[in-house]
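Read off the chains here:
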Amino acid sequence: MKSEVFKQKLKHELTEYAVNAAYLAIVFAAFTWYRRLILASYDIDYTNYWFALIEALILGKVIMIGSIFRLGRSLEDKPLIFSSLYKTAVFCLFCAAFTLAEHTVVGLWKGEGLAAGLHEMAEKGGHEVLANTLMLFVSLFPFFAFRELGRVAGRDRLKDVFFMRRPDLESRIEALEKSQPQDNA
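How each quantity is defined
- Here, residues in each chain are numbered from 1, in the same order as that chain's written sequence.
- Whole-chain, interface and lining totals are the exception, using all residues; otherwise, since this is a predicted model, local features are given only for residues with pLDDT of at least 70 and side-chain atom pairs are given and counted only at 80 or more.
- Water and hydrogen atoms were dropped before computing side-chain values, which therefore reflect all heavy atoms in the structure.
- The angle between two axes is taken between their N-to-C directions and runs from 0 to 180 degrees, where each axis is a line fitted to C-alpha atoms and a helix contributes only its stretch in contact.
- Where helices and strands are cited, they refer to DSSP runs of H or I of at least four residues and of E of at least two residues respectively, numbered from the N terminus.
- For classification, angles of less than 35 degrees are called roughly parallel, those exceeding 145 degrees roughly antiparallel, those between 65 and 115 degrees roughly perpendicular, and all remaining angles oblique.
- Left-handed describes a crossing whose near helix is turned anticlockwise from the far helix by less than a right angle; the clockwise case is right-handed.
- Any pair of residues with heavy atoms lying within 4.5 Å of one another is described as a contacting pair.
- Three classes are used, and their members are as follows: Ala, Val, Leu, Ile, Met, Phe, Trp, Tyr, Cys and Pro are nonpolar, Asp, Glu, Lys and Arg are charged, and the others, Gly among them, are polar.
- Two rings from Phe, Tyr or Trp (for Trp, the six-membered ring) form a pair when their centres sit within 6.5 Å of each other. Planes less than 30 degrees apart are called stacked, planes more than 60 degrees apart edge-to-face, and all others tilted.
- Burial here depends on accessible area, computed with a 1.4 Å probe over protein chains only, as a share of the maximum for the residue type. Under 20% is buried, over 50% is exposed, and the range in between is partly exposed.
- Exposure above 30% relative accessible area and the lack of any salt bridge qualify a residue for a patch; like charges then connect within 9 Å, and the nonpolar side chains Val, Leu, Ile, Met, Phe, Trp and Tyr within 5 Å.
- Accessible areas in this description were obtained via Shrake-Rupley with a 1.4 Å probe; residue shielding takes into account the shown protein chains only.
- Think of a salt bridge as a Lys or Arg side-chain nitrogen and an Asp or Glu carboxyl oxygen that are within 4 Å of each other.
- Given a helix with a known number of residues, its expected span is that number minus one, times 1.5 Å.
- What is called the bend at a residue is the angle between a pair of axes, fitted to the seven residues leading up to and ending at it and to the seven starting from it.

### A closer look at the packing of helix 1 (residues 2-40) against helix 5 (residues 126-153)
Two elements in contact, helix 1 and helix 5, have axes separated by 11 Å at closest approach and are oriented at 140°. When the axis of helix 1 is compared with that of helix 5, the two are oblique. The handedness of the crossing between helix 1 and helix 5 is right-handed. Taken together, the residues of helix 5 that come into contact with helix 1 (itself represented by Glu 16, Asn 20, Tyr 23, Leu 24, Val 27, Phe 28, Phe 31 and Arg 35) are Glu 128, Asn 132, Met 135, Leu 136, Ser 139, Leu 140, Pro 142, Phe 143 and Arg 147. Of the residues that constitute the contact of helix 1 with helix 5, the class distribution is 10 nonpolar, 3 polar and 4 charged.

### Considering the packing of aromatic side chains
Under the criterion given, the structure shown has 4 aromatic pairs. Measuring from centroid to centroid gives 4.7 Å for Phe 91 and Phe 144, while their planes differ by 35°, and the two rings are tilted. On the criterion of sequence distance, the pair formed by Phe 91 in helix 3 (residues 80-109) and Phe 144 in helix 5 is long-range, its members being 53 residues apart. In this structure Phe 144 comes out as buried when scored by relative accessible area, which is 2%. One aromatic cluster in this structure is built from Tyr 23, Phe 91, Phe 143 and Phe 144.

### Some remarks on the side chain of Ser 67
Its place among the elements puts Ser 67 in helix 2 (residues 50-68). Here Ser 67 is in contact with Glu 16, Arg 73, Phe 91 and Arg 147, once residues within four sequence places are set aside.

### Quick word on a nonpolar patch on the surface
Side chains of Phe 31, Tyr 34, Ile 38, Tyr 42 and Ile 44 sit close together on the surface and give an oily, nonpolar patch of about 540 Å² of accessible area. With respect to the helices and strands, the residue Phe 31 is situated in helix 1. Accessibility expressed as a relative area gives 34% for Phe 31, which makes it partly exposed.

### Notes on helix 5
Side chains three or four residues apart in an α-helix point the same way, a direct result of the helix having 3.6 residues per turn. With 28 residues, helix 5 ought to run about 40 Å at 1.5 Å a step, and its terminal C-alpha atoms sit 40 Å apart, in line with that. At Leu 140, helix 5 is bent by approximately 25°, the largest bend along its length, and proline Pro 142 sits one to four residues beyond. Taken together, the buried positions of helix 5 are Met 135, Leu 136, Ser 139, Leu 140, Phe 143, Phe 144, Glu 148 and Gly 150. Contacts made by the buried residues of helix 5 are with helix 1, helix 2, helix 3 and helix 6 (155-163). Phi for Gly 154, located one or two positions after helix 5, is positive at around 105°.

Next comes the structure, spelled out in structure tokens:
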């Protein structure tokens, strides 16, 4: 019995991680191609494609860790726009803090000290850090908006709306409505 529960939990966690990482990989790859095409117009080669995938894998896990710590849940009883924006801002800050910690650890690992990783991040300049933060915020908003919609409307119903053919969806919605008790107030 415990092994069955463990298998279900593991399947759920791996699926959630795969969805997080896939979404972020697609978004980061699009931004990487955007950067490549802009730089190509100035005859500058940009071939840092793997960074988008690696960053998506890391931040996908960071988002799961933030969810375990129940980050951003204080506005879940408010309208979806507020809870979505709030979760986006909280997780954006959490990812930024993780990136800062990541650079610090890399500086220590290279034997250059605690400040070396922070110095490397500061060398990028305020414009690039702000652009990356803005990009992360804009890319996380639809992600959290869909998660919040799934939380409120039901994940299965949201999945049906997006992935079922219209006639199949309509018949399933009708069946759901018939199975729910009627409110005759």
